[in-house]
Amino acid sequence: MLIVFIVLLASVGALQFSAPAAAEEVRVATSSLHTLVLAPDGRVLCQGRNQHGVCGVDPATAFVDVLTPVPGIPSARAVAVADIWTSMVLGDDGKVYVWGKNDFGLFGGTVRGPTYVLSRPTAVATLERIIGIAAFVHGGAALRDDGTVWMWGEDSEGLLATGTLSKSGQSGLLQYTPRQVAGLDGITQIAGGWKHMLALRSDGTVWAWGANKDSQLGLGDTAGRPRPTMVPSLAGVTRIHADGNSSAALQADGSWLLWGNVPSTQKPTRDAFGGILSDMPPVRAPAPLPGSLRDATDVAAGAAVLRDGSVRTWGSNSFGTLGTGGSVDAVAPRGVLVKSLSGIVRVWAGGHRVLALKSDGTLYLWGPAGTADGRVHRVPTVMTTFAGSEPRKP
């Protein structure tokens, strides 16, 4: 799960790549099987498995093979994906549109229904003047233009910041109507992982809450938090990012700090017989990426763009997620170079899918193809090109 935001790359060194205006407007959110793309002209496009109508077309159409406009959405400013069954879009009209399968009340309202599946984008009642969104398997979040945060769904492991902390696997209280998160003001950006949330305040501080099994809250431990808690080691932050069980913060000098389930300099965890239990022990507090990854200009779950426009990936390659064409058994705990890519300015990931945007507007995809034949792209494959697209209206 992830929220999409724009990163304006700082000019650092002669090899620093920067995106032209059209490319900067492209925004992406993806699950393992479907992807939403916000084009420079404000259209929302979808590709992949259309289960429960997540691409906005009749659910009888099982797959949408190529990027296709989602009908029924006004010009948009952001996209988000909770899982393979749901989609979310923030319209330029300040409303939040959701569709797919309504497992935990993502549609809002007063109950889970009455409609269990929506294949057409539908605005969440009571939400207006919204400028940012995040989507979770267990609910949604919206940032209003007054700096307040509103959440709804199931309060799983403290996700909705109500003060109640349910245990992992235990059902949380249901809150179908969006409610304001208490104790937060002056928020300028929100970002969400699977079950945790980050909020960036106008003073450059970062606040976190929700699940914390992999230290994704950055508080130095693994205890969940049912209320917003300031990450004490962060200040002067300009952007935040959350993905799965990982989190990141962009510093004023253009460097990234990451924590949670991310590459680290720590040694692998081993059992009593010397076997490796974990190649990547969780990073408990914000820290720079190790080695060559330290020069990252953009990050996602399992991928980073480096200053020279190259991409490095890490983790398992079971579904081609490394993008190297290597074996399904390959594992890269500290980052491997995706040799076929250059001039990249942005990267996104969700589930087993990874997407990268080149400075000329070319969008690449690798991982599950999201087509009826079950193909997997083991190396980056061109999805579309936005070069020459009309810029979005303000």
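None of the values given here were measured: they were computed from a predicted structure. (Residues numbered from 1 in each chain as written. Predicted model: local features only at pLDDT ≥ 70, side-chain atom pairs only at ≥ 80, totals over all residues. Heavy atoms only, no water.)

A. How the structure looks around the sheet that holds strand β13 (residues 174–180). Taken together, four strands build an open sheet; the order of strands is β10-β11-β12-β13 and the sheet is antiparallel. Two strands close off the open sheet at either side, each with one partner strand: β10 (130–136) and β13. Going from strand to strand, the sheet's axes swing by 10° on average, the running direction of each strand aside. Bridge count for strand β11 (residues 139–144) against strand β12 (residues 149–154) is five bridges, and the pairing is antiparallel. Within β12, the position partnered with Leu143 by the bridge is Val149. (Pairing = 2+ DSSP bridges. Helix = DSSP H or I, 4+ residues; strand = E, 2+ residues; numbered from the N terminus. Axes fitted to C-alpha atoms, helices over the stretch in contact; angles between N-to-C directions.)

B. Quick peek at the layout of surface pockets. In this structure, the largest pocket occupies an estimated 500 Å³ of space. Residue lining of the largest pocket: 23 residues in total, with Trp194, Asn261, Ala301, Gly302 and Gly351 positioned closest to the centre. Contributions of two or more residues to the lining of the largest pocket are made by β26 (311–316), β28 (344–350) and β29 (353–358). Per-element accounting of the lining of the largest pocket gives the leading share, three residues, to β26. In terms of residue class, the lining of the largest pocket is made up of eight nonpolar, 13 polar and two charged. (1 Å grid on protein atoms, 1.4 Å probe; cavity = no way out; pocket = protein on both sides within 12 Å on 5 of 7 lines; lining within 4 Å. Points joined across faces, edges and corners; volume = space filled by probe spheres on them. Nonpolar A, V, L, I, M, F, W, Y, C, P; charged D, E, K, R; others polar.)

C. Seen up close, empty space enclosed by the protein. Evaluated as defined, the whole model comprises three cavities of 30 Å³ or more. Of the pockets and cavities examined, the largest cavity occupies roughly 70 Å³. Forming the boundary of the largest cavity are Ala82, Asp83, Thr86, Lys101, Asn102, Asp103, Phe104, Leu106, Phe136, Val137 and Gly139. Classifying every residue of the lining of the largest cavity gives five nonpolar, three polar and three charged.

D. How the structure looks around the packing of aromatic side chains. Evaluated as defined, the whole model comprises zero aromatic pairs. When the ring centre of Trp85 is taken as origin, the NZ or CZ atom of Lys101, which lies over that ring, is 5.0 Å away. (Phe/Tyr/Trp six-rings, centres within 6.5 Å; stacked < 30°, edge-to-face > 60°. Lys NZ or Arg CZ within 6 Å of the ring centre and 35° of its normal.)

E. View of the side chain of Asp298. Within the secondary structure layout, Asp298 lies in strand β24 (residues 296–300). By relative accessible area, Asp298 is classed as buried at 0%. Here Arg346 takes part through its side chain, which lies 2.6 Å from a polar atom of the side chain of Asp298. (Buried < 20%, exposed > 50% of the residue type's maximum accessible area, 1.4 Å probe, protein only. Polar contact = N/O pair within 3.5 Å; in protein donor to acceptor, adjacent residues only side chain to side chain.)

F. Seen up close, the nonpolar core. Within the largest apolar cluster, 32 residues are counted, with the highest numbers of intra-cluster contacts made by Leu36, Val44, Met88, Val89, Val96, Leu127 and Ile133. Of all the elements in the fold, those that place two or more residues in this core are β3 (34–38), β4 (44–49), β6 (76–81), β7 (86–91), β8 (96–101), β10 and β12. With five residues, β6 is the largest single contributor of residues to this core. Aside from chain neighbours lying at most four places away, what touches Val44 is Leu36, Val37, Leu38, Thr68, Pro69, Val70, Ile73, Ala76, Val79 and Val89. The next biggest cluster of nonpolar side chains, apart from the first, holds 28 residues, and it includes Ala191, Val237, Ala242 and Trp259. (Core = buried A, V, L, I, M, F, W, Y, C linked by side-chain atoms within 4.5 Å. Contact = heavy atoms within 4.5 Å.)

G. Spatial organisation of the sheet that holds strand β16 (residues 206–210). One open sheet accounts for four strands, arranged β14-β15-β16-β17; its pairing is antiparallel. Single-partner strands in this sheet number two, and they are β14 (187–192) and β17 (225–230). Strand-to-strand, the axes of this sheet are offset by a mean angle of 15°, without reference to chain direction. One ladder, built from five bridges, connects strand β15 (residues 196–201) with β16; its direction is antiparallel. Residue pairing in the sheet places Leu198 in a bridge with Ala208 of β16.

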